Amino acid sequence: MIVDFKKLNCLADYADEVFQHFYNVLLSNKVFSKYFTSKDQVKALLGKQQANFIATLQESKADLNTRYYQVGVVHYQHSIPYEVFQSGTHLLRETFNETIRDKLGDSQLVLLNSAMFDYISDAMAKGYMDMFIRNEKADLEKILCMTRNVSFGTEKRLLIEHYNWMLDLLRAIEQKKYNALDELLLRQSSDPDTLYSFIIDHLEDVDES
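Small disclaimer: the values here were computed from a predicted structure and weren't measured.

(A) Spotlight on the packing of aromatic side chains. Following the criterion strictly, the structure yields 11 aromatic pairs and no others. Aromatic pair Phe 5 and Tyr 119: ring centres 6.0 Å apart, planes at 55°, arrangement tilted. Linking Phe 5 in the segment before helix H1 (15–28) with Tyr 119 in helix H5 (residues 107–134), this pair joins segments that are 114 residues apart in sequence. For Phe 5, a relative accessible area of 6% gives the class buried. For Tyr 119, a relative accessible area of 25% gives the class partly exposed. Measuring from centroid to centroid gives 5.2 Å for Phe 85 and Tyr 128, while their planes differ by 35°, and the two rings are tilted. Of the two residues, Phe 85 sits in helix H4 (residues 82–104) while Tyr 128 sits in helix H5, which places them 43 residues apart along the sequence. Tyr 128 carries the same exposure label as Phe 85, and that label is buried. Among the aromatic residues, those joined into a cluster by ring pairs are Phe 19, Phe 22, Tyr 23, Phe 36, Phe 53, Phe 96 and Phe 117.

Definitions and limits used
- Sequence order as written defines the numbering, with residues in each chain counted from 1.
- At least 70 in pLDDT is required for a residue's local features to be given in this predicted model, at least 80 for side-chain atom pairs to be given and counted, and no such filter applies to totals for whole chains, interfaces and linings, which use all residues.
- Hydrogens are left out, water is left out, and the side-chain values use all remaining heavy atoms of the structure.
- Working definition: rings of Phe, Tyr and Trp (its six-membered ring) pair if their centres are within 6.5 Å, and the pair is stacked with planes under 30 degrees apart, edge-to-face with planes over 60 apart, and tilted otherwise.
- For helices the rule is a DSSP run of H or I covering at least 4 residues; for strands it is a run of E covering at least 2, with both sets numbered from the N terminus onward.
- Burial classes: relative accessible area under 20% of the type maximum marks a residue as buried, over 50% as exposed, and values in between as partly exposed (1.4 Å probe, protein chains only).

Here's what the structure looks like:
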């Protein structure tokens, strides 16, 4: 069965509203907000990501793969932890899903939107992990330095656990232990004691006004 993501073109009409809300959430959250340095940076990122998403709605799956592979590379180059951009993508997907339900009332579009985000998330993960393998030692050192610079107890502990998880992940990739790789990726998305889950849990603290 061929899935046509271009049926989601109607989402372009709501992109401005969704991305404004998305960035309000990010900036109001103590985990996400530290990755933004100024209002000008936020404005530039908001415009770029919104334009990127609208372009996505016009592209083939092959083009989507190329575009979002590069997005994964860029997140790695900016030292954004894997779970941070993973949870940000999840938040954006769910915000669009809520918009589809509220504005369009179309359950099939919700499923299609979720499928598209799954597809582009896979491409981003591939770009990120390829860069990780290429630069593993430097990356692990950066994560280790982050743990030394963080004083907040829970986050510090989770960063250390993230460092160990990345080390295990690297070993599994290098040794081609694909079963172990699957288990490690599943652990990060389902284990309640991870940096990813810490971010999701703290979304409740966001002031959305």
